[in-house]
Amino acid sequence: MKPQDLGTTAQNTWCPGCGNFAILNAIKPVLAELDGAGIVPIENVVVVTGIGCHGKIADYLHLNSFYAIHGRAIPVATGIKLANPDLNVICFVGDGDAYAEGLDHLIFAAKRNVEITTIVHDNRVYGLTTGQYTPTSPSGFSGRSTPGGLEVSPINPLELIFASGGTFIARGYSNRIDLLKETMREAILHRGFAFVDVLQVCATFFNMYDLYNRRTYALEEHDPEDPVLAQERMREWDYNSEGPIPLGVFHRRAAPTFADNFEDKNSKIPDLEGEVRRVLKGYI
Amino acid sequence: MRDEISVLVGGRAGDGIAEAGMVIARLYNQLGYCLYQYLDYPSLIRGGHNFAIVRAAGKKIGAHRDGVDYLLALNQDTIDRHLWRLNEGAVVIYDSDEVKAPPAGGTGLPLKSFVREAGAPPIARNVGLIGALSGAAGIEEEIVEKVLRKEIPKYIDENLEVARRGRAGIEERGDGRAERRSYPCCPVITGNELIGLGLLRGGLDAYVAYPMTPSSGVLHFLAGVAGEFSIKVVHPENEIAVILMAEGFAYAGKKTAVGTSGGGFCLMNEGMSLAGMAEIPLVVLVSQRAGPSTGVPTYTAQADLPFVMSAGQGEFPRLVIAPGDAEEAFFWSATALGLAWRYQIPVVLLSDKTLSESAYSFNIEEARDIPDIAPVLWDGEGDYQRYASPEDGISPLAFPPRAGAVVKANSYAHLPSGITTEEARAIERGQDKLLQKESRLVEELASLKTVKVYGDPGSSTAILCWGSNKGVSSEVGEELGLRVVAPVVVSPFPAHRFREALQGVERTISVETNSTGQLARLIRSYGFEADDLILKYDGRPFTVEGLMERLLEVAA
């Protein structure tokens, strides 16, 4: 399978210069390679998206997909994974989508360590609704709902996922596609909840290419198994100041996954009527 | 001898009132009675006032009476609140260690002392009352011992000793051997447990729910039997996650149900609409309680009919079923799964606190012939299209991983492939496809008993009712010689069947546990009129005497 086999006939409607292209162009070769190597058969991959510019990726990938609703990709993905642990479930979500509308689900996915991959298209602005602030927009952000400038500071999603028990925490950047591919591959193969916040530039409403090009650097000589170091690196940039922005895998650890609890609950009872009657005897 | 018996047992929350009621029900079950237990409790953990009324009759019943023949009181409050209920010749038994102002003619037993002397846990006071009841009602000691051994897992010898002391304290008042009846010995079980069992019978693979009274009984029951039936039971972070997670299960081919009450269902609305658009099969149990908002959490109402019928933005087919008794709760829960999967739609099972938490004698022989309604599956030929559109609108299903099939579910308007569209013709075609499914669903429903008739089928006056009010309405209707018409499927409304059931009727009276007459409003849009409304909205279900009185007023 070639990466281009994973495309569809749907017309791409992302803006020129949109960082979403990089995510689309990164995931295709990663999945084609994993399929070719017999590691993840392509029919086992299920893509789940929320609603926003990011969500269109469901239409652009010739893969099993569930184009869900705003903020709700993660519970759908959790259900799919629990239903069939053989499936490899990848959520593509937005920052407004996952950090505002669906934050509760994100925290619980990390807490449960459900074995799904979550790739956040974090452009730090609402694109499809034409330019309002999101939970990761910097303070002072002048959007259409905050024309006087945003009064509050952004959240640091990496720290949030760490505090929630996340077992794989990484950051990518849409302009560093090789590192992004490497990070995605690792995330997909992680046994547990894999979280990748991708700084993905919205060329139309919040163009951060210059700043990201200057400030980002790849983590090297970092030990992701060391939680103290991981937190130090996560705090290096707070999504607000002009500090250096590390990219790569911050934190990784092994832990039991949520689906392990349900593994034995998957067989069909041949005689349901008989089993029901047996239970009813207890009520006489 | 009386041909039926009602027993009230009351005390504080934490005194084991519901459990005592169930033991009493099982005693009469052994004697050939049909049972119904009404449970009344406030929303708190300890204290307050809890009571259960157990009614035992020789015929099928599904309601309780105001009057009682035995009043069993663990505290003064129970005496003070329920003395008005005593039938002629009623027996009052109370804990004399607690009740300081006893009623004349009652029998006081030092239950706290009994429990202490027997070395039983404090909760065993209720067993002392049961022992006393068995003496007063003439229920043989062997039956009491048999039932207690089955119902009480711990300290059974100590509990039996408490029961013996209770019985000894009252033996002299015994009014002989209890009369036998010939109702078949059936399981006595709550509506919630029957909904759970019905879903299991229908092939349930997973149940997802967030706790909310009065639906939580289904969650607890299914979690308890998850191992035996090999099903996955999940309790997620909130009801939004509940319905979305269930839709993930269904996408992957697992028959899934969710359960909640009105407030939780509010959060599920976006998920309902998604299930409609993306054609995700799903069963949603909504067990109503008194609202609006938090309302009265542990009390009953039937006030969410238009809400569940229209919940979710846009127009999409759905099925709403309101079972009215134990057998219907089981039968329709099983059938709901089959219909959800055949038509790839959300199906609402609309219960209420009365049906969900009351206990009934359940006769499985009256709930047989569950139709085998299978989903339409992809045959593996050609390119798979999730929303392929054959004439009946039902697209064959495939579940990943399936080599050669790319399965694309979508909340947006979509093409047969599952890819998003904004083309005018394609949008229209997609909507037509949904409507085609509804037409087929209506055809299928024609072969099922969607409207039931009770009472005198020749009467020109008909009581109209739905859901849990069927039990009380059919009993009172029978007694007064009235026809009783109860639609079980409420949407799509079985207008044709309803019209047949009303053939020859000149006057209709709608009996509902809400303040506006929701069934009456529904049928009006199909050209039927309810001439009178008998409404109750104090959180309590109709009793037999209560409805009788209201009907006689209206009829006068």
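Residues numbered from 1 in each chain as written. Chains lettered and ligands numbered in written order. Predicted model: local features only at pLDDT ≥ 70, side-chain atom pairs only at ≥ 80, totals over all residues.

**Re the overall build of chain A**
Along the backbone of chain A there are 10 helices and eight strands. For a compact globule of 284 residues, the expected C-alpha radius of gyration is about 19 Å, and chain A comes in at 20 Å, within 12% of that figure. Its C-alpha atoms give chain A principal-axis dimensions of roughly 70 × 40 × 40 Å. Considering only residue pairs separated by 6 or more positions, chain A has 71% of its internal contacts joining residues 24 or more positions apart. (Helix = DSSP H or I, 4+ residues; strand = E, 2+ residues; numbered from the N terminus. Rg over C-alpha atoms; globule rule 2.2 N^0.38 Å. Contact = placed C-beta atoms within 7 Å.)

**A short note on the nonpolar core**
Judged by nonpolar contacts, the single largest core of 256 residues is most densely connected at Val-48 of chain A together with Ile-24, Ile-93, Leu-133, Val-283, Ile-321 and Val-347 of chain B. A total of 12 residues in this core trace back to one element, the largest contributor, which is helix H13 (residues 326-343) of chain B. The contacts of Val-48 of chain A, once residues within four sequence positions are left out, are Phe-66, Ala-68, Ala-73, Val-76, Ala-77, Ile-80, Val-89 and Cys-91 of chain A. Ranked by size, the runner-up nonpolar core spans seven residues in total, among them Val-125, Tyr-126, Val-201 and Cys-202 of chain A. (Core = buried A, V, L, I, M, F, W, Y, C linked by C-beta atoms within 7 Å. Buried ≥ 20, exposed ≤ 12 C-beta atoms within 10 Å, placed from the backbone.)

**Focus on the sheet that holds strand S21 (residues 532-535) of chain B**
Residues and elements named next belong to chain B. One open sheet accounts for five strands, arranged S16-S18-S17-S20-S21; its pairing is mixed. With partners counted over all chains shown, the strands left at the sheet margins are strand S16 (451-455) and S21, one partner each. Within the sheet, the average angular offset between the axes of one strand and its neighbour, ignoring direction, is 25°. Pairing of strand S17 (residues 461-464) with strand S18 (residues 483-487) involves three bridges; the strand directions are parallel. Paired with Ile-463 across the bridge in S18 is Val-484. Running at roughly 40° to S16, helix H16 (residues 469-480) makes contact with S16, S17, S18 and strand S20 (507-512) of the sheet. Contacts from helix H19 (residues 544-555) reach S20 and S21 within the one sheet, and its direction differs from that of S21 by about 155°. (Pairing = 2+ DSSP bridges. Axes fitted to C-alpha atoms, helices over the stretch in contact; angles between N-to-C directions.)

**What about the interface of chain B and chain A?**
When the parts of a complex come together, some accessible area is lost, and that lost area is often used as the size of the interface. Each side of the interface is counted separately: chain B has 49 residues, and chain A has 44 residues. Going through the elements one at a time, strand S7 (188-190), helix H7 (191-201), helix H8 (216-229), strand S9 (232-234), helix H9 (239-251), helix H11 (269-278) and strand S15 (408-410) of chain B are the ones with two or more residues in the side of chain B that touches chain A. The element best represented in the side of chain B that touches chain A is H9 of chain B, accounting for nine residues. Class assignment of the residues belonging to the side of chain B that touches chain A gives a composition of 31 nonpolar, nine polar and nine charged. (Nonpolar A, V, L, I, M, F, W, Y, C, P; charged D, E, K, R; others polar.)

**A word on the domain arrangement of chain B**
Residue and element names in this part refer to chain B. As far as domains go, chain B holds domain 1 (4-173), domain 2 (188-367) and domain 3 (451-555). Taken over C-alpha atoms, the centre of domain 1 sits 33 Å from the centre of domain 2. On the side of domain 2, nine residues touch domain 1, which itself brings 14 residues to the contact. Take the side of domain 1 that touches domain 2: its biggest share by element is six residues, from strand S2 (residues 34-40). Along the lines of polarity and charge, the residues of the side of domain 1 that touches domain 2 split into nine nonpolar, four polar and one charged. (Domains from an automatic or database assignment.)

**Details of the packing of helix H4 (residues 125-137) of chain B against helix H6 (residues 156-168) of chain B**
Residues and elements named next belong to chain B. The geometry of H4 relative to H6 is characterised by a closest axis approach of 7 Å and an angle of 45° between their N-to-C directions. With respect to H6, the element H4 is oriented oblique. Along this stretch, H4 crosses H6, giving a crossing that reads as right-handed. Taken together, the residues of H6 that come into contact with H4 (itself represented by Val-127, Gly-128, Leu-129, Ile-130, Gly-131, Ala-132, Ser-134 and Gly-135) are Asn-159, Val-162, Ala-163, Arg-164, Arg-165, Gly-166 and Arg-167. (Parallel < 35°, antiparallel > 145°, perpendicular 65-115°, else oblique. Left-handed = near helix turned anticlockwise from the far one by under 90°.)

**A short note on unusual backbone geometry**
Residue and element names in this part refer to chain B. In this structure, the amide linkage connecting Thr-213 to the following residue, Pro-214, adopts the cis form with an omega of 5°. Residue Pro-401 follows Pro-400 across a cis peptide bond; omega there is 0°. Phi angles above zero are rare outside glycine, and Ser-230 is one such case at about 55°. Tracing the backbone through its elements, the reader meets Ser-230 in the loop between H8 and S9. For Ser-230, a count of 16 C-beta atoms within 10 Å gives the class partly exposed. The backbone of Ser-293 sits at a positive phi, close to 55°, despite the residue not being glycine. Tracing the chain through its elements places Ser-293 in the loop between strand S11 (282-288) and helix H12 (305-310). Overall, Ser-293 belongs to the exposed group, with 7 C-beta atoms counted inside 10 Å.

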